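# Understanding the architecture of this molecule
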Amino acid sequence: MQAGKPILYSYFRSSCSWRVRIALALKGIDYETVPINLIKDGGQQFSKDFQALNPMKQVPALKIDGITIHQSLAIIEYLEETRPTPRLLPQDPKKRASVRMISDLIAGGIQPLQNLSVLKQVEEKFQLTWAQNAIISGFNALEQILQSTAGTYCVGDEVSCPQVFLYYRFKVDCTPYPTISSINKRLLVLEAFQVTHPCRQPDTPTELRA
């Protein structure tokens, strides 16, 4: 099915890009990375070439099987449907619904509110507080949900549609969120999460590498 190596347009610090990198790693898919710096030159995502690739001017975008897919969850769903092993969605339909609910909560209810494009609309001195409030509001709901769905990971004991909790960027106190914190710690020791970590990407600045 594969027509050449997939190409992932990514930014090292983008949580949505990281989610796709994790899915590719978990499924053992070799791919090429094309870094898109969201800050340099006013944002490389605004270039004519990248706008032709993704009119929304966002990362990630994945070229695979002769098509280009935008939006991290759509990419992961496509990978799951075309390369189902190992699976990232549970077989049980009720657990699948829980995975999708949690994925949408994070991808639609938390991350967009603290993304760079939104923060630019907020006065600089208020940006950290804005981002923290967005994360805290989402985490209050997420913690409650995970208390009923979690096992080792978000839904039961299998790593499902990858969720990455990027609270470290905005100095959010996670003491009130023990379930989120414990799941995050267990995920971050997995190889797929380590090799795809923002501190280990081709475009990671030297001072942020680990």
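Residues numbered from 1 in each chain as written. Predicted model: local features only at pLDDT ≥ 70, side-chain atom pairs only at ≥ 80, totals over all residues. Heavy atoms only, no water.

## Remarks on the overall build of the protein
Along the backbone of the protein there are eight helices and four strands. For 210 residues, the compact-globule estimate of 2.2 N^0.38 gives 17 Å, and the protein sits close to it at 17 Å. Overall, the protein is about 50 × 45 × 30 Å in size when its C-alpha atoms are taken along their principal axes. When burial is assessed residue by residue, the protein has 47% of its 210 residues classed as buried. (Helix = DSSP H or I, 4+ residues; strand = E, 2+ residues; numbered from the N terminus. Rg over C-alpha atoms; globule rule 2.2 N^0.38 Å. Buried < 20%, exposed > 50% of the residue type's maximum accessible area, 1.4 Å probe, protein only.)

## A look at the pattern of salt bridges
Per the counting criterion, the structure on display carries five salt bridges. Between R100 and E77 there is a salt bridge, and its shortest N-O distance comes to 3.1 Å. With R100 in helix α4 (residues 93-109) and E77 in helix α3 (residues 72-82), the pair connects residues that are 23 residues apart, well separated along the chain. Taking relative accessible area as the criterion, R100 reaches 35% and is therefore assigned partly exposed. Between E158 and R87 there is a salt bridge; the shortest N-O distance is 2.9 Å. Taken as a pair, E158 in the loop between α6 (127-149) and α7 (178-188) and R87 in the loop between α3 and α4 lie far apart in primary sequence, 71 residues in all. The class for R87 is partly exposed, based on a relative accessible area of 35%. (Salt bridge = Lys/Arg side-chain N within 4 Å of Asp/Glu carboxyl O.)

## A closer look at the nonpolar core
Counting 44 residues, the largest nonpolar core has L24, L62, L79, I102, F139, L142 and L146 as the members making the most contacts within it. Contributing elements (two or more residues each) for this core: α1 (15-26), β3 (61-64), α3, α4, α6, α7 and α8 (191-195). If you tally residues by element for this core, the top one is α6, at six residues. Both domains that meet at this core, namely domain 1 (5-84 + 193-206) and domain 2 (91-189), each give it at least three residues. Among the nonpolar cores identified, the runner-up in size contains nine residues, and F12, I36, F50 and V59 belong to it. (Core = buried A, V, L, I, M, F, W, Y, C linked by side-chain atoms within 4.5 Å. Domains from an automatic or database assignment.)

## A few points about the environment of I183
Tracing the backbone shows I183 in helix α7. Exposure remark for I183: the relative accessible area of 0% places this residue in the buried category. Here the alpha-carbon distance between I183 and R100, two residues 83 residues apart in the chain, equals 17 Å.

## Overview of α3
Of all the residues in α3, the buried ones are S72, L73, I75, I76, Y78, L79 and E80. Each element contacted by the buried residues of α3 is listed here: α1, β3, β4 (67-70) and α4. (Contact = heavy atoms within 4.5 Å.)

## Some points on the pairing of β3
Direction of pairing for strand β1 (residues 7-10) relative to β3: antiparallel, over a ladder of three bridges. Residue pairing across strands places Y9 opposite A61, the latter belonging to β3. Strand direction decides the pairing type here: β3 and β4, joined by four bridges, are antiparallel. Paired with A61 across the strands is H70, a residue of β4. (Pairing = 2+ DSSP bridges.)

## Description of the pairing of strand β2 (residues 32-35)
As defined by bridge partners, β1 adjoins β2 across four bridges and the pair is classed as parallel. Bridged to Y9 within β2 is V34.

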